[in-house]
Amino acid sequence: MSAAARAQIFDSIRRGLVRAVLPDAAGSRPTPEGRSSPPSASADALEAFTRALTALTGRVHRAAAVDMVPDLVAAIAHEHGARGFLAWDESHLGVPGLFAALASRGLERVDYDLPFDAASREAHALALAGVGVGLTGADAAIADAGAIVLAHGPGRGRLASLLPPAHIAVLSARQIWPTMPDLLAARPGLLDAGSNLVAIAGPSRTADIEMTLTHGVHGPKYLHVIVVP
Amino acid sequence: MTEASARFHRSVAEALADPHLRQALDRTTGRLAGGLAKAFATIPDAGALRDTARRIRAHTIAHLDQHLDQFERAATARGCHVHWAPTAADATRLVVDIARARGVSLAVKSKSMVTEEIELNAALGAAGVRVVESDLGEFVVQLADDRPSHIIAPIVHMSRDDVARLFEDKLGARPDEVADIPAITAFARRTLRQEFLQAGMGISGVNLAVADTGSLCLVTNEGNGRLTTTLPRVHVAVMGLERIVPTAADLGVVLQLLARSATGQALSVYTNIITGPRRPATSDGPGEPDGPDELHIVVVDNGRSRLLGGELAEILYCVRCGACLNICPVYHHIGGHAYGGVYPGPVGSVVSPGLMGLDEWSELPHASSLCGACRDVCPVRIDLPRLLLNLRAQTVAARMGPAWLRIAMPLYAAIATRPVLYRWLGSLAARLSRMMGHDGWLDRLPGPLSAWTTERDFPVPAPRSFVQEHHAHAPRAGGCE
Ligand code: SF4
């Protein structure tokens, strides 16, 4: 059935293309180019990113040095009443010794690897439901949208930025790009780095009830970005 | 009048008579159109970007077979199962079979228009699979057994108290759990989170697919799209066969325009790009800790390839942003339901008859003033008025319009091409209407034209025609003709 269905659709498309009226389709394919300059560590880019994310009720914390990150993370986690956290592996966070430092501040990482069979997968996922914060790195940020970009993969799970009510991401100030087209034109390989790439622009939100903006309907209600030099 | 057009006129009349809907539409369409203008003001090269996006979409559709073939190979190489569905029935059968084979009894769903087009929920329900809509608004609609009132504001017709009562009745919420909007939202989060954690299958649409990596891009604000495509063991993505761009860079261009056009955001909260199912451990290293183990992509034709072979093919450039709805004065007055079908507004007036034929949808191309606002706002500059006119011509050629119009148009043509007769009849009509008007307005026009004056008055023509004024004022000699 499948091969026949496929052939039927492709036949129909090819027959259609002979007669299709397609304005502006002639000529070569446009090649979108981002600004070729590397992402800037300029104060401007960080400023623009901070302004955009703050307007979306995300919070930006600047760490003067990497070794200030554990204290910042611990303070934010305590603010949200969290004791455990979901996280990317330490090697993907860019802060050596982070987990030990957090453990000494009363914060334990909850490790997980969803099983492949349906029943135990469900039990496993349910056990993660109560964890208070998620901690991830960020591969890039988009200044004009106030978004952080996360490439998920081995040791870099999706649930850390998705399940807990608060998400903390550690971003390098050197990875702030002006726009999404700039990033995707310069680093198309990000799409294929793992099974999932996500750009996150502020906390989860909805305005479905009486058009009133409300946060945290499905994803995290709070988003904190710690920017390191 | 056919039954279909009678139904259309009935639902238009209902929509116009519903003050609550009118108020809701005023708020939503006004706010969205305003947000769009502001969002575009922040990008310096918006015009050029639109041109690029248009050429990307045009070029993609012109080589659609190659891009779909490349997409299939890339997605398959990354572990996806790609299925082809010539019709809606094929598509629903494919999804039902996938659910059955895996013993799925609960599926969570992230809102998508193509799954509504193929009526997937009904098919899954009939097969014993409970489907939970996970967008807050769609969830409420499903719970209330109601229907959405606006594409992106589905429960704008309900108050917070309506939603609170519903949660108390249907979900056993205590009054303090639904005391205000944040509480209601938190309650919905808890309820839906349980469904997400237990569902065996997640069902989504696809905003855009990327041919060279086999990726799927899905944008949402709530995050339900991410949960749908991450927690359940099986993810089924349903996509119309035209929703494709060649590369990541092309995707970037369209994304720069999509959310701005839809809601006035620079990007939606979550721009979620999925490339294959969760990657398992290999000899080189560990696998991914989460994500679906299986990813099925159902590519739906359902009339699209037929639409491609003709004058309407340009509508396949559409990226479903909804901007043409919010800017449309007709949509502003009659809302989404009056259009029938899944796709409302100017885009729906082309897509519905384009996909499903003019028989049932011959009224839609006429539900437009051809003002051109939709073409101006469209991020890929689709010439919607041209497409609507083309469909109108088809209805006339197929003798589908109302009988009086079929007589009136040739009659008008006969008069308008005879200047003396035209002027004489024109001044006669002007004189008559001035006799019947009050304070410069006519409150009733004769015959079929009375449809105009049921909702508004018609201005009495000026005492002298344009040609008379022109002769009076234009210089005698050397003036322009
Ligand atoms: S036709 Fe309408 S929905 Fe489609 S891209 Fe243009 S404005 Fe957006």
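Along each chain, residues carry numbers from 1 onward, in the same order as the chain's sequence is written. Written order decides the labels, with chains lettered from A and ligands numbered from 1. Note on the predicted model: pLDDT of at least 70 is required for a residue's local features to be given, and 80 or more for side-chain atom pairs to be given and counted; whole-chain, interface and lining totals, by contrast, use all residues. Side-chain calculation: all heavy atoms of the structure are included, whereas hydrogens and water are not.

Asks: Is there a simple way to explain the overall build of chain B in this structure?
Replies: In this text, helices come from DSSP runs of H or I with a minimum length of four residues, and strands from runs of E with a minimum of two, each type numbered from the N-terminal end. Along chain B, the regular secondary structure elements total 23 helices and 12 strands. Seen through its C-alpha atoms, chain B measures out along the principal axes to roughly 90 × 55 × 45 Å. When accessible area is computed with a 1.4 Å probe and restricted to protein chains, residues below 20% of their type maximum are described as buried, those above 50% as exposed, and intermediate ones as partly exposed. Considering chain B as a whole, with its 481 residues, one finds that 55% of them fall into the buried category. Of the contacts formed within chain B by residues at least 6 apart in sequence, a portion of 71% connects residues at least 24 apart. Where accessible areas are quoted, they stem from the Shrake-Rupley method and a 1.4 Å probe; at the residue level, only the protein chains shown are allowed to cover. Accessible area for chain B stands at about 20,300 Å²; split by element, carbon and sulfur atoms hold 57% of it. Counted as positive: Lys and Arg. Counted as negative: Asp and Glu, with His and the chain ends omitted from the count. Note that the charge is assigned to NZ on lysines, CZ on arginines, CG on aspartates and CD on glutamates. For chain B, the distance from the average site of its 49 positive side-chain charges to the average site of its 50 negative ones is 5 Å. In what follows, residue pairs with any heavy atoms lying within 4.5 Å of each other are defined as contacts.

Asks: Can you walk me through the pattern of salt bridges in this structure?
Replies: Two side chains with opposite charge may pair up if their charged atoms get near one another. The term salt bridge refers to a pairing of a side-chain nitrogen on Lys or Arg with a carboxyl oxygen on Asp or Glu at a separation within 4 Å. Inspection of the entire model under this criterion finds 41 salt bridges over all chains. A salt bridge links D24 of chain A to R54 of chain B, with the nearest nitrogen and oxygen atoms 2.6 Å apart. Remark: R54 of chain B occurs in helix α3 (residues 46-62) and D24 of chain A occurs in the loop between α1 (2-19) and α2 (43-55); the pair is interchain, linking two chains. You can call R54 of chain B buried: its relative accessible area is 7%.

Asks: Explain the environment of A33 of chain B to me, please; I cannot follow it from the model alone.
Replies: Residues and elements named next belong to chain B. By the secondary structure assignment, A33 is in helix α2 (residues 19-41). Spatially, the C-alpha atoms of A33 and T263 are 8.1 Å apart, while their sequence positions differ by 230 residues. Apart from residues lying up to four places away in sequence, A33 is in contact with N326 and I327.

Asks: Can you walk me through the site of the ligand in this structure?
Replies: We call a residue near a molecule or strand as soon as one heavy atom of that residue lies within 4 Å of the molecule or strand. Close to the ligand lie C318, V319, R320, C321, G322, C324, V347, C378, P379, I382 and L384 of chain B, which account for all nearby residues. Polarity classes work like this: nonpolar for Ala, Val, Leu, Ile, Met, Phe, Trp, Tyr, Cys and Pro, charged for Asp, Glu, Lys and Arg, and polar for all others, with Gly in that last group. Each residue belonging to the shell around the ligand can be placed in one class, and the counts come to nine nonpolar, one polar and one charged.

Asks: Help me out: how do you make sense of empty space enclosed by the protein in this one?
Replies: Rolled over the atoms, a probe with the dimensions of a water molecule shows which regions are left empty. Residues and elements named next belong to chain B. Definitions used throughout: a 1 Å grid over protein atoms alone; a cavity as a set of points that fits a 1.4 Å probe which cannot get out; a pocket as an open set with protein on both sides within 12 Å along at least five of seven lines; a lining residue as one with an atom within 4 Å of a point. Grid points are joined across faces, edges and corners, and a volume is the space filled by probe spheres set on the points. Following the criterion strictly, the structure yields three cavities of 30 Å³ or more and no others. In terms of lining residues, the largest cavity is bounded by 17 residues, among which C328, P346, S368, C374 and L388 are the most central. Those elements that provide at least two residues to the lining of the largest cavity are α16 (345-356), α18 (373-377) and α19 (384-397). The element contributing the most residues to the lining of the largest cavity is α16, with three residues.

Asks: What should I look at first to understand the interface of chain A and chain B in this one?
Replies: One widely used convention gives an interface's size as the accessible area the parts lose upon coming together. Taken together, the contact between chain A and chain B spans 83 residues of the former and 105 residues of the latter. Buried area is calculated as the accessible area (1.4 Å probe) missing from two parts once they are joined, with the contributions of both summed. Summed over the three residues of chain A that lose the most area to chain B, namely I209, M211 and H218 of chain A, the buried surface amounts to 10% of that side. Inspection of the chain A/chain B interface yields 10 salt bridges. A salt bridge links D144 of chain A to R260 of chain B, with the nearest nitrogen and oxygen atoms 3.1 Å apart. Polar contacts, as used here, are pairs of N or O atoms within 3.5 Å; protein pairs need one atom able to donate a hydrogen and one able to accept it. Residues neighboring in sequence count only if both atoms are side-chain atoms. Scanning the region where chain A abuts chain B turns up 50 residue pairs in polar contact (both at pLDDT 80 or more). Of all the secondary structure elements, the ones that give two or more residues to the side of chain A that touches chain B are α1, α5 (118-128), β6 (147-152), α6 (180-186), β9 (196-200) and β10 (205-206) of chain A. The dominant element in the side of chain A that touches chain B, judged by the number of residues it contributes, is α1 of chain A, at 11 residues. Note on pairing: DSSP must find at least two bridges between two strands before they are called paired. In this structure, β9 of chain A lies alongside strand β9 (residues 270-274) of chain B, joined through five bridges in antiparallel fashion.

Asks: Honestly, the nonpolar core in this entry has me stumped. Any pointers?
Replies: Across soluble globular proteins, you tend to see nonpolar side chains buried next to one another. Within the largest apolar cluster, 133 residues are counted, with the highest numbers of intra-cluster contacts made by L216 and I297 of chain B. Broken down by element, this core gets its largest block of residues, eight residues, from helix α12 (residues 248-263) of chain B. Lining this core are residues from two domains, each supplying at least three of them: domain 1 (43-302) and domain 2 (311-397) of chain B. Not counting residues within four places of it along the chain, the set of residues in contact with L216 of chain B comprises F71, V206, L208, A209, A237, M239, N272, I273, I274, L295 and I297 of chain B. Take the buried Ala, Val, Leu, Ile, Met, Phe, Trp, Tyr and Cys residues and link them wherever side-chain atoms come within 4.5 Å; each set so joined is a nonpolar core. Judged by nonpolar contacts, the second largest core, of 81 residues, contains L98, L107 and I209 of chain A together with V163 of chain B. Either an automatic procedure or a domain database provided the assignment from which the domain bounds are taken.

Asks: Is there a simple way to explain the sheet that holds strand β8 (residues 176-177) of chain A in this structure?
Replies: In space, the eight strands of this open sheet follow the order β8(A)-β5(A)-β6(A)-β9(A)-β9(B)-β6(B)-β5(B)-β8(B), with mixed pairing throughout. Looking along the sheet, the strands with just one partner apiece sit at the ends: β8 of chain A together with β8 (244-245) of chain B. Bridge count for strand β5 (residues 208-210) of chain B against strand β6 (residues 215-220) of chain B is three bridges, and the pairing is antiparallel. Looking at the pairing, L208 of chain B lines up with C217 of chain B of β6 of chain B.

Asks: Looking at this structure, I do not really get the domain arrangement of chain B. What am I missing?
Replies: Assigned domains within chain B: domain 1 (43-302), domain 2 (311-397) and domain 3 (403-477). Between domain 1 of chain B and domain 3 of chain B, the C-alpha centre-to-centre distance is 52 Å.

Asks: How do you make sense of the sheet that holds strand β1 (residues 59-62) of chain A when you look at a structure like this?
Replies: For sheets, the rule is that strands pair by backbone hydrogen bonds, running either parallel or antiparallel. Residues and elements named next belong to chain A. Spatially, six strands are ordered β1-β12-β7-β4-β2-β3 in an open sheet, and the strand pairing comes out parallel. Each edge of the sheet is formed by a strand with only one pairing partner; in this case those strands are β1 and β3 (108-109). Most of the contacts of α2 go to β1, to which it runs at about 145°, and overall it touches β1, β7 (166-172) and β12 (222-228). To get an axis, a line is fitted to the C-alpha atoms, and for a helix only the part in contact is used. The angle between two axes follows their N-to-C directions and goes from 0 to 180 degrees.

Asks: What is the right way to look at the packing of aromatic side chains in this model?
Replies: Each pair of aromatic rings is reported with the distance of its centres and the angle of its planes. Only the six-membered ring of Trp is used, alongside the rings of Phe and Tyr, when aromatic pairs are assigned; centres must lie within 6.5 Å, and planes under 30 degrees apart are stacked while those over 60 apart are edge-to-face, with the rest tilted. One pass over the structure, following the stated rule, counts five aromatic pairs over all chains. Taking the centre distance of 5.2 Å and the plane angle of 70° together, the rings of F10 of chain A and W84 of chain B count as edge-to-face. Here F10 of chain A is found in helix α1, whereas its partner W84 of chain B is found in strand β1 (residues 81-85) on a different chain. The class of F10 of chain A is buried, set by a relative accessible area of 3%. Assessed through its relative accessible area of 2%, W84 of chain B is described here as buried. Where F167 of chain B meets F187 of chain B, the ring centres are 5.7 Å apart and the plane angle is 40°; that geometry is what we call tilted. In this pair, F167 of chain B is assigned in helix α9 (residues 160-171) and F187 of chain B in helix α10 (residues 181-198), connecting sequence segments 20 residues apart. The buried category is assigned to F167 of chain B, whose relative accessible area is 0%. Members of the aromatic cluster, connected to one another through ring pairs, are F139, F167 and F187 of chain B.

Asks: Would you mind going over the packing of α2 of chain B against α12 of chain B with me for this structure?
Replies: When two helices pack together, their arrangement is given by the angle between the helix axes and by the axis-to-axis distance. Residue and element names in this part refer to chain B. Two elements in contact, α2 and α12, have axes separated by 6 Å at closest approach and are oriented at 145°. Of α12, the residues touching α2 (which contributes L32, L36, A39 and F40) are L257, R260, S261, A262 and T263. A breakdown of the residues in the contact of α2 with α12 according to their chemical character gives six nonpolar, two polar and one charged.

Asks: Where do I start with the pairing of β7 of chain A in this structure?
Replies: Every other side chain in a regular strand lies on the same face of the sheet, so the side chains alternate between the two faces. Residue and element names in this part refer to chain A. In terms of burial, β7 is largely enclosed, as seven of its seven residues are buried. A two-sided burial pattern is seen for β7, the buried positions comprising A166, I168, V170 and S172 on one face and H167, A169 and L171 on the other. Pairing geometry for strand β4 (residues 133-137) and β7, over five bridges, is parallel. What sits directly across from V133, in β7, is A166. Relative to β12, β7 runs parallel, the two being bridged by seven bridges. Paired with S172 across the bridge in β12 is V228.

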